[in-house]
Structure formats: structure tokens, C-alpha cells
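Geometric and topological summary
Next come the chains, spelled out residue by residue.
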Amino acid sequence: MDSQNQQSKRVFKAGEIIMRQGTKGDCAYIIEDGVVEIFIERPGGKTQKVGTRGAGSIIGEMAIVDDAPRTATVKAIKDCKMLEITREDFSRRLKSSDPVLQMISQVILTRYRDTLTRAEILGEGSTYPPPEMLEHDYVAQTDVVESIKIANEFQAALQNNELQLYYQPIVNLQSGNVVGFEALMRWFHPEKGFISPGVFIPIAEKNGLIVEASRWALGESCRALKRIESRIGREENLYMSVNFSSTDFASENFLDHVYRILSESDVPAKQIKLEITERLLIQQPDNAKEMLELCREAGMRIAIDDFGTGYSSLSYLYYFPIGVLKIDQSFVRAMKKEDKSRELVRSIIGLGKNMNMSIIAEGVEELDEARILQSMGCDAAQGYYFAKPLPEKDVIELLRGWNPAKLTA
Ligand code: C2E
Ligand code: CA
Ligand code: CA
């Protein structure tokens, strides 16, 4: 079974249990041949028959929506040939479909699950579901509807130039100089005002719109880098760090697009860092490794974002061609409060250094934090202490008046 096509054929003999009520399932089946019986197991060993299904039916379909336990038991009553559809395969297919189609499928499927849950509660002779449950369902539904709206509006925003990039300076902790920027997306909605990337990025990642958004961000930030360099007269020694998601690396012609954007904007690859969060990288290792290696060969550097928050095994640090570790701001925040956290940050810096990576600390808000990091050998830092993410014109002004002594002030 390859990762691109996770459908496989299964055979169940007459009498065999295909799925058991209460157990977790991660796939649905299409019955190609044979007959199954579906029944609910009640307390005290009683069973209640729900029905039989034959060729052409789908069973266990809720498992491709969420990982709640199976709601019924299914037994083969004649030898069955099945086509198995895994949740992973289903969500991969859904992700590559039109965003509206995706969202509507999610609403229908969630509502279906909701109806099943209610029917089950009512069927057991109890009263109506408790109000907090209805409330929860209502919130979940409105969340989905809100996501659809945001997805649609984000698509329009991409076309109508409602998106902007802000640039947060990254400061070398030895020299005190600005060495680069992180490009952060901003969406100013004509009616709703500012919408946080914490809201729209996960939605754009889910429905694939992130691919177009990331391409735009890379192009726009490269052009901005050129303009900033020429306005302040520092050629080719600043870098631009751009956030990407794993969907980007898996997208068609990703590298061709990146090369084209770099050559059109005339920015050398060595001035570009690609940031990807630890969490997202781990979700799609095969494709990501190959792409990241090609990016590194082309001269770009790969930065692991939010380091320390996403995964329990460190072996991926060897597996992927990582050049930069970005220590998550939660560690920086905790550092001043607890000795343990400080030691943890020291260990992360040591680990990265031993692996020839450069280390950037995120979310530095106070001089004390910057000094501690500096004393531990951390290479660079970004955070409100130095500067917030700023629009291009403010960045130029900031750089013109930059005082490297900010670190010793
Ligand atoms: P991130 O990549 O970890 O970006 C750093 C976030 O920390 C930014 O939030 C930044 O404004 C904030 N920050 C920087 N310094 C400080 C500080 O000293 N204190 C505190 N409390 N916060 C600080 P922002 O801009 O709201 O972005 C949130 C997240 O949205 C980003 O986290 C990133 O994961 C995502 N994001 C933003 N722009 C893009 C983009 O263009 N593409 C992708 N894929 N994701 C993006
Ligand atoms: Ca980032
Ligand atoms: Ca981060």
C-alpha cells in the first residue's frame, strides 16, 4: 500500500466480525461483494438488529470523519470482499478539493454524527440530551459555519489584495545588529477589521488556500527585502524568513514556484529561510524531507519553528536538513521564573550548536531575557523588546535609527 493510495481490498469470511461497537476505527468499507449484518449491543448481552447491507453499500463511514468509537457492530453473514477507505486517504482527498466543497462535506458529516449521537441517547430511553451537550454541538456547528465564511472571504482577500506582510526584525545577540526579518501575514478585512493569523492560517492550511497565500508571501517578502536593502544601503546581508506549511511542500511544482519567485525578484537563495513548525513537519515526513533537501541544496536554509512544542522524539532533527532552531516563546517566557526552564533553554541551545544549527529565540520581551540568552550562546532573537512586526516603511525607519547598544542598555 503506498502513501498516495491507501485503499486496499479486504476479505471477511461469513461469521467474522468486521467492526466492533465501542472500538476505535480508522476506516470505512465499501462492500464489493457479500452481505453484512449491523447490530447494536445493549447492556446485559442483548443485541438490537439495525439492518443488513449488501454490495455497493458503505459501512463504518463515521470513522473517516472523527475517531469516536464505532457506534455499532458489523458481522459478515456471507463471505465479503471489501474496499477499505482510511481516514487519512479520505482527508487527503478532501483537502485537495474545492474549499467550499470541503467545508460543506464537513458540515454534513458533523451533522450526521450529531444526529446519530442524539438518536442513540434518545433511543436509550433517557430524556433529551443535557443542555451543555446541545450547547457544545451548537458551538461546534457555528465554528464550522464561521470557518466556511472565513475560507471564502480569505480566498477573496487573496484576490483583492487585502493581505499584507509585516516584518519582525531578528537581532544578532553578539553584535546587536538586525540580521534579518520574519515575514508575518496580516489580514485587514474591510468590515471585520484585523483578523489574526492565528485564526485564518489554520483554516487556510486545512482547505489548501495556504498554498496560494504562501506563494504570495514569498514573492512579496522577496520584493520587500530588495526595497529595504536598497533604501538602507545594505546589499545581500539581510535575510528573510518566510513561514510555510507542510501543504506547501506537498503542493504541485512547489520548487519551480520558489525558484521562479527568487529569480524574478533577484534575491539569492541564501537570503531566504523557510520556516516550518515542528508539528506540521512531523505530519508529512516523506514528502517534506525530499523537498526540504532540494531547498537546502538550492541554498535556502530551513528553520524549525516553535521548537520544543510539537513532538516528543528528537530523531527528526537528524532526519531533516535543518539549519536553524527557533526556540518557542513559551520557553523564553518561563526562563525567568524557573531555573529548570532556564536549564532547558541552555540544553536546547547546546543541542542545536552540537548539530551545527543556529539558534533563534522567539518572543523576547525584556532586556533580561535577551541577556540571559546572550550569555548562553544563543545566536539571535526576535521579540517585542527589539521590535514588533512592522509594515515595510516602518522597518526602513527603524533600521535607519537602529542602535546595536539596545542589548547593553
Ligand atoms: P510564529 O511563526 O511563531 O510567529 C511568531 C508570532 O509571535 C507572531 O504572531 C508574532 O507577532 C508574535 N510575537 C513576536 N514577538 C513577540 C513577543 O515578544 N511577544 C509575544 N507575545 N508575541 C510575539 P502572529 O503574527 O500573530 O502570527 C501567529 C502565527 O501565525 C505565526 O506564529 C505563524 O505560525 C502563523 N503565520 C503568520 N504569518 C504566516 C504566514 O505568512 N504563513 C504561515 N504559514 N503562517 C503564518
Ligand atoms: Ca514563524
Ligand atoms: Ca514560532
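This text gives an overview of the structure that appears in the document.

1. What to know about helix α14 (residues 392-400)
- Those residues of α14 lying buried are Glu392, Val395, Ile396 and Leu399. Mapping the buried residues of α14 onto a view down its axis gives an arc of 100°, with all of them on the same face. Facing away from the buried surface of α14 by more than 90 degrees, the exposed residues are Lys393 and Glu397.
- Next to the buried residues of α14 lie β9 (163-172), β10 (178-189) and α5 (210-232).

2. Concerning the coordination of the calcium ion (ligand 2)
- Distances from the calcium ion (ligand 2) to its protein donors, Glu182 (OE), Asn243 (OD1), Glu275 (OE) and Asp305 (OD), fall within 2.2 to 2.3 Å.
- Along the chain, the residues donating to the calcium ion (ligand 2) are arranged with the sequence spacing E-x60-N-x31-E-x29-D.
- A spacing of 4.2 Å is found between the calcium ion (ligand 2) and the calcium ion (ligand 3), which share Asp305 as a donor. One end of the pair, Glu275, is in strand β13 (residues 272-277); the other, Asp305, is in strand β14 (residues 301-307), and 30 residues separate them in sequence.

3. Side note on the coordination of the calcium ion (ligand 3)
- Around the calcium ion (ligand 3), the donor atoms from the protein are Asp305 (OD), Asp306 (OD), Glu362 (OE) and Glu362 (OE), and they sit 2.1 to 2.5 Å away.
- In the primary structure, the donors to the calcium ion (ligand 3) are separated according to the pattern D-D-x55-E.
- On the basis of relative accessibility, which here comes to 6%, the residue Asp305 falls in the buried class.

4. Some thoughts on the site of ligand 1
- Taken together, 19 residues lie around ligand 1, and Gln168, Arg186, Asp305, Glu365 and Tyr384 are the ones closest in.
- In isolation ligand 1 has 800 Å² of accessible area, and contact with the protein removes 83% of it.
- Put simply, the parts of the chain that give the shell around ligand 1 at least two residues each are β10, α4 (197-207) and β14.
- Take the shell around ligand 1: its biggest share by element is four residues, from β10.
- By residue class, the composition of the shell around ligand 1 is eight nonpolar, five polar and six charged.

5. Points about the sheet that holds strand β2 (residues 17-19)
- As summarised here, the arrangement of the four strands in space is β2-β7-β4-β5, forming an open sheet in which the pairing is antiparallel. At either end of the open sheet lies a strand with only one pairing partner, and these are β2 and β5 (47-53). Ignoring which end each strand starts from, the neighbouring axes of this sheet average 30° apart.
- Note that β2 and strand β7 (residues 73-76) share two bridges and pair antiparallel. If you follow Ile17 over to β7, its bridge partner there is Lys75.

6. Regarding the side chain of Ser221
- By the secondary structure assignment, Ser221 is in helix α5.
- The residues contacting Ser221, other than those within four sequence positions of it, are Leu165, Tyr167, Ala183, Met240 and Val242.

7. Remarks on the pattern of salt bridges
- Within the structure shown, the criterion is met by 22 salt bridges.
- One salt bridge in this structure joins Lys192 and Glu153, with 2.9 Å as the shortest N-O distance. Pair noted here: Lys192 is in the loop between β10 and β11 (193-195) and Glu153 is in helix α3 (residues 131-159), with a separation of 39 residues, a long-range link.
- Between Glu365 and Arg333 there is a salt bridge, with the nearest N and O atoms lying 3.8 Å from each other. One end of the pair, Glu365, is in the loop between β16 (358-361) and α13 (367-375); the other, Arg333, is in helix α11 (residues 329-335), and 32 residues separate them in sequence.
- Glu365 sits in the partly exposed class, given a relative accessible area of 38%.
- Salt bridges here are not isolated pairs; linked through shared partners, they connect Glu182, Glu275, Lys326 and Glu362.

Thresholds applied
Residues numbered from 1 in each chain as written. Chains lettered and ligands numbered in written order. Predicted model: local features only at pLDDT ≥ 70, side-chain atom pairs only at ≥ 80, totals over all residues. Heavy atoms only, no water. Buried < 20%, exposed > 50% of the residue type's maximum accessible area, 1.4 Å probe, protein only. Helix = DSSP H or I, 4+ residues; strand = E, 2+ residues; numbered from the N terminus. Arc of directions from axis to C-beta. Contact = heavy atoms within 4.5 Å. Donors = N, O, S within 2.8 Å, 3.2 Å for Na, K, Ca; no water. Near = heavy atom within 4 Å. Areas by Shrake-Rupley, 256 points an atom, 1.4 Å probe, with all protein chains shown as cover. Nonpolar A, V, L, I, M, F, W, Y, C, P; charged D, E, K, R; others polar. Pairing = 2+ DSSP bridges. Axes fitted to C-alpha atoms, helices over the stretch in contact; angles between N-to-C directions. Salt bridge = Lys/Arg side-chain N within 4 Å of Asp/Glu carboxyl O.

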